[in-house]
Amino acid sequence: MKLPAFLRRSLRNKVTALVVATTLAALAIAALALLYNNIREYRETELAQLRTQAAILARASAAPLAFNDAKEAANALGILGVNPAVEIAALYGADGRLFVTFVQGGVSGADLPQLARAAGTSVEDNRVAIFHPVVQDRQALGTVYVRARSGLTERLLAYLGILAAATGGALAAALLLSVWLQRAVTAPLLGLAEAARRVIDKRDFSVRAGKSTEDEIGVLAEAMNAMLASLEREIAERTSAEEALRTVDRRKDEFLATLAHELRNPLAPVRNALYLMQAAPDDAAMGAEARAIIDRQVRQMVRLVDDLLDVSRITTGKLALRRESVELRAVASSALEAVEPLVRQRGHTLAADLPPPGIRLNADPTRLAQVLLNLLNNAAKFTPPGGRIEFSAGIRDGELVARVSDNGIGIAPQMLAEIFEMFAQADLSLERTTGGLGVGLSLSRRLVELHGGTLEAASEGLGRGARFVVRMPVVEAAASGAPASASPAAAPGGRRLLLVDDNTDFVDSLARVLQRMGHQVRVEYDGEAGLSAAREFRPQVAFLDIGMPRMNGFELARRLRAESGTAAAILIAVTGWGQPHDRRQAKEAGFDDYLVKPVEIEQIERVLQAVTR
Amino acid sequence: MRAALAGLLMLLCAAAAAQPLEHQVKAAFVFKFLSFVDWPAQSFAGLDAPLAIGVLGADELLAELNGIVQGRSAQNRPVSVRALREGEKPAGLHLIFVGRAAAAQIPRLAVLPGVLVVSESEGALEQGSMVNFVRVEGRVRFEVAPEQAERRGVRISSRMLAVAQHVKPGRL
C-alpha cells in the first residue's frame, strides 16, 4: 500500500493521522450504533405513545360512538389538543364512515381517509398514524384514527448536533493526545534520526544518541551508541595507524634526502684536496693538509655507511653482539680519545670521570665503544662552541652506569621520546648546523638493549643542556682476560702479506698503505691467482676476499691450509657480509679472523700486532 | 385487501340502514345499554345465564330487538328478549323496556331489585324510570337517573352518563 507523501516523510504526521483516524473511526462506529438504537427506540416509543393515545381515545369515544353522540365524540377527540404533535384525528362509526374529525395546528384535513381502515400503524413522510378499533363489550363500535408529526427529524438533527460537538471535542482531544504521544514516542525516535543524520553528514562518530526511554527505542539508541563507539574506536585506530605509516614514510623520505646530502658532503672537500695535490705535487705542507682533509672526510663517510649497515642489520634483526671480557676503563678511554678531536675543534671542555682500572664486564667492546662515542659525539655536536661536556662511567649497585651530559641546546620535553625513533632529528630546518642521519641514538639504544640495558635521555628543556644515561647489567667475564683491544702501538714492519680481492681499487690502495708501513705486499685479483702466488710467495698473513671469481675465499683458505707451504699462514677473511653464518663458515674453512668491510687500517694493524705476539 | 373488503362491507351496511326509524334506533340503544351497565352478580342464575330483556307495550321495538340480539352477546352472556304482558310477574329480567303505552307501569317496575327500567315517556324519570329516551332536534337521545338505578343495585357507567342528554341529580 502506498502512503501519501506527507505520511511517508514524517513520523510525526503518521502518529497524528493514526490518532485522529482511530478517534474518528471509534466515534463514527459508536455514533452509528447509538443513532440506530436511538432511532429505533424513539420510533417505538412514539408508536407506543400513539397507540396509548388511540386506546384512551377509543375508550373515551366508545359511548359517543355507541349512542351516536357527535358532540360528545368531538369532546373526546378534543383531549388530543394537549399534544401539539397530533395534527389530525377522526372517529369512524361501526359502518366505517367518518363520524367526527379533529384538526389542529393549521393542518388541512383534506387528506383524511374518508373510510376507516384495518387497525394498524403506518409511518410515512415524517408522520406516524394509527387506526385503532373502538370496542366496547366485544362489540366493534367504530375506529379511531390519529395522525401525528414525528419528532424523529428534530430528534435526529439534535442528535447530529451533539455528535458534531462531540466529534469536534474528540478531535481536539486526539490532537492533544497525538502531541503527547509524539513527545513520548516520536521525540526519542526523532532524536535518534537526528543523531544518525549528524553522523552521516559530518562523519562525526563521537555523536551519541540520547537515551530517554527504556522501551524498544531505548534499546535501539543503546545499540546505535555501541556501534558508534566501536566505529569511533576503529576509525581512531585506523587513523593513528595511517598517521604512523605516514610518519615513517616521511621520515624515510627525509632520511634518504639527508643520506644523499651527508654522503655527498664529504666528497667536495676530497675533490678539493685532490685538486690541490695535483696542482702542487711538490708542496709538502699543502700535500699534508690535503691528506688530512681526505682522511677526515673519508672517516666521516665510513662512519655514515657503518651506521647505515647497522641500521639495516637492526631492521632485519641481524645485528649480533660479539661478547667478550671487556675492560671498562679501556673502552671508555678509547671513546673519549675518539671524540677528542671534535671536542677540541669546537672548543669544549671535557670533564671525564673514569672508572678505576680492572673492572671487567662481558660485552661487545666495539658496540659499547660505539654507544659511548655516539653519545659523546652528540654532546659535542649539539653544544655551542665553548661548552662543557661531562662524562662518567662506573659500577653502581652492580650495574654499569655511564653518563654523558652537556650544557648544549637541550631537548624539548615532547621530543624526549621521539629522538630515539629511527631517522628522527630534532631539528629539521634547512638552516640546521648539525649533520648526521638521525640514526645514532636509535642505534645506540638498540645496542644497549641488546646488552640487556637501557638508554635514557633527560633535559630541562630547550637551551638547557641534555643528559644521557646508559645502564647495563654487569655480567662478570671469565678471569682469563683477553688482551686489551684498544691499546694502539707502533705498527711492526717487515711482514710478508698477501692480499686477494677482486675490488682492485680497494686492494691496490690497501697494498700501497701497507707497503708504506714497511711490509712486503703481494696483490692478486682472483682466487686461483691468489693460490699460485701464495705457493711461491709464502705469505705470513693473507687477507682474502670471500666473494671472488674463479675460486671463492672459503675454497682458497681450505687449499692454503691443506698445503704444507702455506698451512701455517695467518688467514684473515675480508667481506662485506658480517653474518654469524658467514663467520662460522669462515672458521670451518680455516680462517683465523674475520674483518668486515670497510676495513680500517687500524684493524689491520691490530691483526698484525697479534701476529707479532 | 382485507381492509378494502371490510370497507366495502361497511359501505353496503350503511346504504341499507340509510334512514333508521325511531324504534330501530331505540332498539339498538337498548342493546348497547347492556354494555354500559353492571348488574349485581346475584341477579344471574349462573355464569352462563343470559341477560334477559323484557319489553312492555312496544311491539315494533320488541321485534327489532329480537333481530338485533340474534346470535349476539353482551357482558359475556347471551341476550334473551321476551314480551312482558301487563300484570305479568317480571321474574328473571334485567332490563325492562316500558313503552309509551304502558308508562303507568313504571312505578311498579322501578322498585324491582336488579332491574334497569328504560322508558320513552316524558317525565318518566320522576316516576322511577332510570333511562328515558327523549327526542332532541329530531334525534334520539336519552336522559339518565343513575341514583335511582343504583338504589336497585344496577350501576350505570359514567361513560354512558357522559353522552346522556340529561343526568338527573340525586344523592349518590
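The structure presented is a predicted model; accordingly, all values stated were derived computationally and were not measured. (Residues numbered from 1 in each chain as written. Chains lettered and ligands numbered in written order. Predicted model: local features only at pLDDT ≥ 70, side-chain atom pairs only at ≥ 80, totals over all residues. Heavy atoms only, no water.)

Engineer: Before we go on, may I ask you to explain the overall build of chain B in this structure?
Structural biologist: Counting its secondary structure elements, chain B contains six helices and ten strands. Taking all 172 residues of chain B together, the buried fraction comes to 47%. Partitioning the intrachain contacts of chain B with sequence separation of at least 6 by distance along the chain shows that 51% fall at a separation of at least 24. Accessible surface, chain B as shown: approximately 8800 Å² in total, 55% of it carbon and sulfur. (Helix = DSSP H or I, 4+ residues; strand = E, 2+ residues; numbered from the N terminus. Buried < 20%, exposed > 50% of the residue type's maximum accessible area, 1.4 Å probe, protein only. Contact = heavy atoms within 4.5 Å. Areas by Shrake-Rupley, 256 points an atom, 1.4 Å probe, with all protein chains shown as cover.)

Engineer: What is the right way to read the sheet that holds strand β5 (residues 139–149) of chain A from this model?
Structural biologist: In a beta sheet, neighbouring strands are held together by backbone hydrogen bonds and run either parallel or antiparallel to one another. All names here are of chain A. Ordered in space as β2-β1-β5-β4-β3, the five strands form an open sheet in which the pairing is antiparallel. Each having just a single partner strand, β2 (98–103) and β3 (120–124) make up the two edges of the open sheet. Neighbouring strand axes in the sheet, compared pairwise and without regard to direction, differ in orientation by 15° on average. Both β3 and strand β4 (residues 127–136) contribute to a ladder of five bridges, which runs antiparallel. Looking across to β4, one finds that Glu 124 is bridged to Arg 127. Sheet strands touched by helix α2 (residues 11–60): β1 (86–93), β3, β4 and β5. Its angle to β4, the strand with the most contacts, is close to 35°. (Pairing = 2+ DSSP bridges. Axes fitted to C-alpha atoms, helices over the stretch in contact; angles between N-to-C directions.)

Engineer: How do you make sense of the pairing of strand β10 (residues 399–406) of chain A when you look at a structure like this?
Structural biologist: Regular strands place side chains that alternate from one sheet face to the opposite one. All names here are of chain A. For β10, the buried fraction is high: six of the eight residues fall into the buried class. Pairing between strand β9 (residues 388–396) and β10: eight bridges, direction antiparallel. Residue pairing in the sheet places Ile 389 in a bridge with Asp 406 of β10. Where β9 folds back onto β10 in an antiparallel hairpin, the turn is made up of two residues, including Asp 397, whose phi is positive at roughly 50°. With eight bridges connecting them, β10 and strand β12 (residues 466–473) associate as antiparallel partners. The residue bridging Asp 406 from the neighbouring strand is Ala 466, located in β12.

Engineer: Help me understand the packing of aromatic side chains, please; the structure alone is not making it clear to me.
Structural biologist: For any pair of aromatic rings, geometry is given as the distance between the ring centres together with the angle between the planes. This structure, assessed with the given rule, holds twelve aromatic pairs over all chains. Centre to centre, the rings of Phe67(A) and Phe36(B) are 5.3 Å apart; their planes meet at 50°, and the pair counts as tilted. Linking Phe67(A) in the loop between α3 (62–66) and α4 (70–78) with Phe36(B) in helix α2 (residues 22–36), this pair reaches from one chain into another. An angle of 55° between the planes, with centres 6.3 Å apart, marks the rings of Phe97(B) and Phe133(B) as tilted. Linking Phe97(B) in strand β5 (residues 95–98) with Phe133(B) in strand β7 (residues 131–136), this pair joins segments that are 36 residues apart in sequence. Through a chain of ring-to-ring contacts, three or more aromatic side chains come together here, namely Phe67(A), Phe29(B), Phe33(B), Phe36(B), Phe97(B), Phe133(B) and Phe142(B). The ring of Phe44(B) is capped by Arg77(B), whose NZ or CZ atom sits 3.7 Å from the centre of that ring. (Phe/Tyr/Trp six-rings, centres within 6.5 Å; stacked < 30°, edge-to-face > 60°. Lys NZ or Arg CZ within 6 Å of the ring centre and 35° of its normal.)

Engineer: I keep staring at the pairing of β9(A) and nothing clicks. Help me out?
Structural biologist: Bridge count for strand β7 (residues 349–353) of chain A against β9(A) is five bridges, and the pairing is parallel. Across the sheet, residue Leu350(A) finds its bridge partner in β9(A), namely Ile389(A).

Engineer: I tried to follow helix α3 (residues 59–69) of chain B on my own but got confused; where do I start?
Structural biologist: Every α-helix carries 3.6 residues per turn, so stepping three or four residues along brings you back to the same face. All names here are of chain B. The complete set of buried residues in α3 reads Leu 61, Leu 62, Leu 65, Ile 68 and Val 69. The buried side chains of α3 occupy one side of the element, clustering within an arc of 125° when seen end-on. Those residues of α3 that are exposed and aimed more than 90 degrees away from the buried face are Asp 59, Glu 60 and Ala 63. On its buried face, α3 is in contact with α2, β2 (51–56), β4 (77–83) and β5. Just downstream of α3, Gly 71 is the residue with a positive phi angle, here 75°. (Arc of directions from axis to C-beta.)

Engineer: Is there a simple way to explain the environment of Gly547(A) in this structure?
Structural biologist: Residues and elements named next belong to chain A. Structurally, Gly 547 can be placed in the loop between β15 (541–545) and α14 (553–562). Judged by its relative accessible area of 49%, Gly 547 is partly exposed. With 46 residues separating them along the chain, Gly 547 and Asp 501 place their C-alpha atoms 8.3 Å apart.

Engineer: Can you help me understand the interface of chain B and chain A in this one?
Structural biologist: Often, the extent of an interface is quoted as the loss of accessible area upon association of its parts. Taken together, the contact pairs 23 residues of chain B with 21 residues of chain A. Taken over both partners, the interface formed by chain B and chain A buries close to 1900 Å², and the fraction arising from carbon and sulfur atoms is 55%. Counting across the chain B and chain A interface gives one salt bridge. Between Asp69(A) and Arg141(B) there is a salt bridge, with its nearest N and O atoms 3.0 Å apart. One can count eleven residue pairs in polar contact (both at pLDDT 80 or more) joining chain B with chain A. Counting only elements with at least two residues in the side of chain B that touches chain A, the list comes to α1 (2–16), α2, β3 (73–74), β8 (139–144) and α6 (158–162) of chain B. Classifying every residue of the side of chain B that touches chain A gives 14 nonpolar, four polar and five charged. (Buried area = accessible area lost by both parts, 1.4 Å probe. Salt bridge = Lys/Arg side-chain N within 4 Å of Asp/Glu carboxyl O. Polar contact = N/O pair within 3.5 Å; in protein donor to acceptor, adjacent residues only side chain to side chain. Nonpolar A, V, L, I, M, F, W, Y, C, P; charged D, E, K, R; others polar.)

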